[in-house]
Amino acid sequence: MTTSLTRLLSPASIAFIGGHECDVAIKRTLALGFTGKIWAVHPKREQLGGIACIRSVEEIDGVPDAAFVAVKREPTIEIVRHLSKIGCGGAVIYASGFSETGETGKELQRQLLEAADGMPLMGPNCYGFVNALANAALWPDEHGLSHLERGVAIITQSGNIACNFTMTRRALPVAAVFAIGNQADVDIARMLEALAEDDRITAVGLHIEGLKDIPAFARAAEVARKNRKPVVALKTGRSEQGAKVAMSHTSSLAGADTLYDALFERCGVARMTSVTAFVETLKFLHNGGPLKDNRLVSMSCSGGEAALIADMAMGKKVSFPEFDSCTKPKVAATLNEYVSIDNPLDYHTFIWNQEDKLTATFSAVLGGGFDVSMLILDVPTNPAMKPDGWLTTARALRTAAQATKARAAMVASLPECLPLPLAEEMAAAGVAPMMGLDDALTAFEAAAFIGRNWARRDKVPTLVTTTERGGELTTLTEYDAKQLLKSFGLSVPDGIVCKTGDAVKAAEKLGFPVTLKVSSAAIAHKTEAGGVALNLKNATEVEAAAQRMARLADEVIVERMVTGAVAELIVGLKSDPQFGLALVLGAGGILTELLKDSATLILPASRPEIERALKSLKVWKLVEGFRNRSGDQEGVIKAVEAIAGFAEAHRGLIEELDVNPLLVLPPGQGAVAVDALIAMRKG
């Protein structure tokens, strides 16, 4: 049974063991208003942070809930052993020189965990944490937090980045920051699960360099979802440079970072790519939580701003729908005839500095049923300017939001044009004060993503990773790969494997037209090698193609030609030591790597997940219907499910699989795998 982190993260008593770092940490803790018992431990100093020192941990006259241990790595181990023995609730290990430094460090880390004997350890090689809810700062540096009753929590692996988050001046109420270092014991997953259970935490932000236990993270994210705790991740490592490119197209489409995207999509974790978007998203989620959907309305007194926000929304999963027939006349009634009632709305300056008229317009707009109503407003902060007119506009929005109880945000296009006192005033009134147009749109998009994820009724499959691997790796011939997949319900063309000299006889048996392909497990990409000939209509054409391919291999596959395809897809499998099996769907054929139109799912995957992934593809528009042609959608889904079923039956054996292309035929005719590559280990 895993020990609770409650005592460590929200301690009522703390032991600080070390020198200068502990002196700083005690001062920070007292400055926050901590009123519990503090022990200061140092063999020579008289006091630390104003607290009289005892000489060793053996002199601690009680049981601390938490300890901050800031001594060298070797004595740290024995100190941890004693703390565990007396029942301490957990310890922050400041020292470095453990697993990050090589074999000697790894052995010391093993000894450290052995000494802890189940007592939670944060670190080693970590800064620790500041918890403004508990007024505790097991933290050896400056920080910018003060006591809060509720707010967001941020977990990071970097002490410097954690420190930066405490210094933000964006009206983001940071309740706690945790820099957890090596994660020898307490990792991001365990932290997330603990914080998800705390009602005072409104949202959790994660800065992730890597996750050591993917299934544990998925379980923690599920706890957060059940507790309606939104999670935002800033994950580094988006570069494809680390992705291994092997024989299949799938490898180039599903690098490690793509698998993190798939994990976050399943778990309902909103991923950010910038620090400012990360902060603004946490702020928006704190001020009202996720959105039901992505329907936005924008208001500004400038046509330029209206056009700008519409353009900036392109490429994001947000929309600016038109006003409905009920709302439009209500908005129009508050403005004059020169104003065009569109979304985004330019309400002009006719009502500037007239609070009652601004309130009427904003109230009519906020009553339109949008998921969030945004007012673009940059307030002067230059001392030579008077902000009165802008403050009038802000007050009107606040009044309208309170009257309609609609979700509202005030967005400054330039972050410096939203004064912090005004931002805090708006937040206190329930209006999210957002800084930066692009980051605000990203926050709305993320909030809608989380809201839709929470609303799903399909059961999230349990994540399974396979540590046991099979024996020798073998690449199957195309024919054998297809026959194996066929046994799991995948449609494949009728075909015959034969010597090149028997190709004509095989073609005549199948009936023209046929395709001819070289049969060799050593040739992964037959088209590039000249090992594919399509739509051969007679014996002469087959004979000529067979002679050309004889230089590549002595066997060929002769198959009945599949015609009438509406679209070409790729369905691939990739085995990852951390994530297990991943299913890759995308645009297929020779354009696979050029278009990079793909979606990745971690297996096992539910049918609704498969459908959502397919519908996210650009190429899916061809399947749904384009220029009076459409494809067999149900046939595609069944084909993908067949491949997923094959994968589950051979978990631990499959290294890679490509079905490319999967030809999508017209409605009622299914989807046919005309090429397949499987690399798998012997069971």
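Everything discussed here concerns the structure shown above.
What you see is a predicted model; the values in this text were computed from it and never measured.

Some details on the pattern of salt bridges
Thinking step 1. For the structure shown, the criterion picks out 37 salt bridges.
Thinking step 2. Here Glu142 ties to Arg28 by a salt bridge, and the two come within 3.3 Å at their closest N and O atoms. Of this pair, Glu142 sits in the loop between β9 (136–138) and β10 (151–156) while Arg28 is found in helix α2 (residues 20–32), placing the two residues 114 residues apart along the sequence.
Thinking step 3. The partly exposed category is assigned to Glu142, whose relative accessible area is 49%.
Thinking step 4. One connected set of salt bridges, linked through shared partners, spans Glu478, Lys482, Lys517, Lys526, Glu559 and Asp675.

Concerning the packing of helix α6 (residues 188–196) against helix α7 (residues 214–226)
Thinking step 1. Between α6 and α7, the shortest axis-to-axis distance is 8 Å and the interhelical angle comes to 15°. If you check the angle between α6 and α7, you find them roughly parallel. For α6 against α7, the interelement crossing comes out left-handed. Here Ile188, Ala189, Leu192, Glu193 and Ala196 of α6 lie close against α7, whose contacting residues are Ala216, Phe217, Ala220, Ala221, Val223 and Ala224.
Thinking step 2. Along the lines of polarity and charge, the residues of the contact of α6 with α7 split into ten nonpolar, no polar and one charged.

Quick word on helix α10 (residues 275–286)
Thinking step 1. The end-to-end C-alpha separation of α10 is 17 Å, in line with the 16 Å expected for twelve residues at 1.5 Å each.
Thinking step 2. In terms of burial, α10 is a largely internal element, ten of the twelve residues being buried.
Thinking step 3. When we look at burial in α10, the residues that qualify are Ala277, Phe278, Val279, Glu280, Thr281, Leu282, Lys283, Phe284, Leu285 and His286.
Thinking step 4. One or two steps after α10, the chain reaches Gly288, where phi turns positive at roughly 120°.

Things to note about the pairing of strand β17 (residues 372–376)
Thinking step 1. Counting buried positions over the five residues of β17 gives five, a clear majority of the element.
Thinking step 2. Burial of the side chains of β17 extends over both faces: Val372, Met374 and Ile376 are buried on one face and Ser373 and Leu375 on the other.
Thinking step 3. The pairing of strand β15 (residues 296–300) with β17 spans four bridges and is classified as parallel. Bridge pairing in β17 places Leu296 opposite Val372.
Thinking step 4. When β17 meets strand β18 (residues 408–412), the two strands line up parallel, connected through four bridges.

Concerning unusual backbone geometry
Thinking step 1. Residue Pro344 is bonded to the preceding Asn343 through a cis peptide linkage, with omega at 5°.
Thinking step 2. Assignment of secondary structure puts Pro344 in the loop between α12 (327–332) and β16 (345–346).
Thinking step 3. Backbone torsion omega between Leu603 and Pro604 reads 0°, so that peptide bond is classified as cis.
Thinking step 4. Residue placement: Pro604 occurs in the loop between β27 (598–602) and α22 (607–615).
Thinking step 5. Phi is positive for Asp117, which is not a glycine, with a value near 50°.
Thinking step 6. In this model, Arg627 sits at a positive phi of 50°, which is unusual for a non-glycine residue.
Thinking step 7. The class for Arg627 is exposed, based on a relative accessible area of 72%.

Quick notes on the rules
- Residues numbered from 1 in each chain as written.
- Predicted model: local features only at pLDDT ≥ 70, side-chain atom pairs only at ≥ 80, totals over all residues.
- Heavy atoms only, no water.
- Salt bridge = Lys/Arg side-chain N within 4 Å of Asp/Glu carboxyl O.
- Helix = DSSP H or I, 4+ residues; strand = E, 2+ residues; numbered from the N terminus.
- Buried < 20%, exposed > 50% of the residue type's maximum accessible area, 1.4 Å probe, protein only.
- Axes fitted to C-alpha atoms, helices over the stretch in contact; angles between N-to-C directions.
- Parallel < 35°, antiparallel > 145°, perpendicular 65-115°, else oblique.
- Left-handed = near helix turned anticlockwise from the far one by under 90°.
- Contact = heavy atoms within 4.5 Å.
- Nonpolar A, V, L, I, M, F, W, Y, C, P; charged D, E, K, R; others polar.
- Expected span 1.5 Å × (residues − 1).
- Pairing = 2+ DSSP bridges.

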